[in-house]
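One-letter residues, chain by chain:
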Amino acid sequence: QEQLMESGGGLVQPGGSLRLSCAASGSIFGILTMGWYRQAPGKQRELVATITRSGRANYTESVKGRFTIYSDAANTVRLEMKSLSLEDTAVYFCFLLDKEGRSYWGQGTQVTVSS
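Treat the numbers as computed from the prediction; the structure is a model and nothing was measured. (Residues numbered from 1 in each chain as written. Predicted model: local features only at pLDDT ≥ 70, side-chain atom pairs only at ≥ 80, totals over all residues. Heavy atoms only, no water.)

**Here we look at the overall build of the protein chain**
And then number 1: Looking only at helices and strands, the protein chain features 0 helices and 11 strands.
And then number 2: Along the protein chain, helices and strands appear, N-terminal first, in the series β-β-β-β-β-β-β-β-β-β-β.
And then number 3: Seen along its three principal axes, the alpha-carbon backbone of the protein chain occupies a region of about 40 × 30 × 25 Å.
And then number 4: Restricting to contacts in the protein chain with at least 6 residues of sequence separation, those with at least 24 account for 54%.
And then number 5: Working note: accessible area of the protein chain is about 6,400 Å², and carbon and sulfur atoms make up 48% of it. (Helix = DSSP H or I, 4+ residues; strand = E, 2+ residues; numbered from the N terminus. Contact = heavy atoms within 4.5 Å. Areas by Shrake-Rupley, 256 points an atom, 1.4 Å probe, with all protein chains shown as cover.)

Structure representation (structure tokens):
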């Protein structure tokens, strides 16, 4: 049974926007942090944004001012992506860290920025 599910990826033109969503199943308890990594072909995974249970958010420098991570539902995080460029093309992975030190990963959702 899958415990993290991402959605919202797709094809978008440069300058466009997408909203990614990640929902954790009800079987996961004691969430500390959720967030997003991304991985472009031939590159290592890069941390994009994180949010704590209290709502504190952090971003990698390249997305500051363009991306917003937030939660508007229980055990769910969103990543609002604006002013997208070709360099944002990657598979985006949701992750979760719980109080027991366990990590969970989604299967990834493809974001392609292209004309």
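**Brief notes about the nonpolar core**
Within soluble globular proteins, side chains that are nonpolar tend to cluster in buried spots.
And then number 1: Membership of the largest hydrophobic core comes to 27 residues, with the highest contact counts inside it found for L4, M34, W36, L79 and Y92.
And then number 2: Mapped by element, the contributors of at least two residues to this core are strand 3 (18-24), strand 4 (31-39), strand 5 (46-52), strand 7 (67-73), strand 8 (76-81), strand 9 (90-98) and strand 11 (109-113). (Core = buried A, V, L, I, M, F, W, Y, C linked by side-chain atoms within 4.5 Å. Buried < 20%, exposed > 50% of the residue type's maximum accessible area, 1.4 Å probe, protein only.)

**A closer look at the sheet that holds strand 1 (residues 4-7)**
And then number 1: Strands sit in the order 1-3-8-7 across an open sheet of 4 strands; the sheet is antiparallel. Since the sheet does not close on itself, it has two edges, and those belong to strand 1 and strand 7, each with one partner. Pairwise comparison of adjacent strand axes, ignoring direction, gives a mean angle of 20 degrees for this sheet. (Pairing = 2+ DSSP bridges. Axes fitted to C-alpha atoms, helices over the stretch in contact; angles between N-to-C directions.)

**Focus: the environment of F67**
And then number 1: Relative to the elements of secondary structure, F67 occurs in strand 7.
And then number 2: On the basis of relative accessible area, F67 is assigned to the buried category, the value being 2%.
And then number 3: The residues touching F67, leaving out its near neighbours within four places in the chain, are R38, V48, Y59, L79, E80, M81, K82, L84, D88 and Y92.

**Some points on the state of the cysteines**
And then number 1: Per the stated rule, a full pass over the model turns up 1 disulfide.
And then number 2: Here C22 is linked by a disulfide to C94, with a sulfur-sulfur distance of 2.0 Å. In this structure the cystine formed by C22 and C94 twists about its S-S bond by roughly -85 degrees; its chirality is therefore left-handed. Of the two residues, C22 sits in strand 3 while C94 sits in strand 9, which places them 72 residues apart along the sequence. (Disulfide = S-S within 2.5 Å.)

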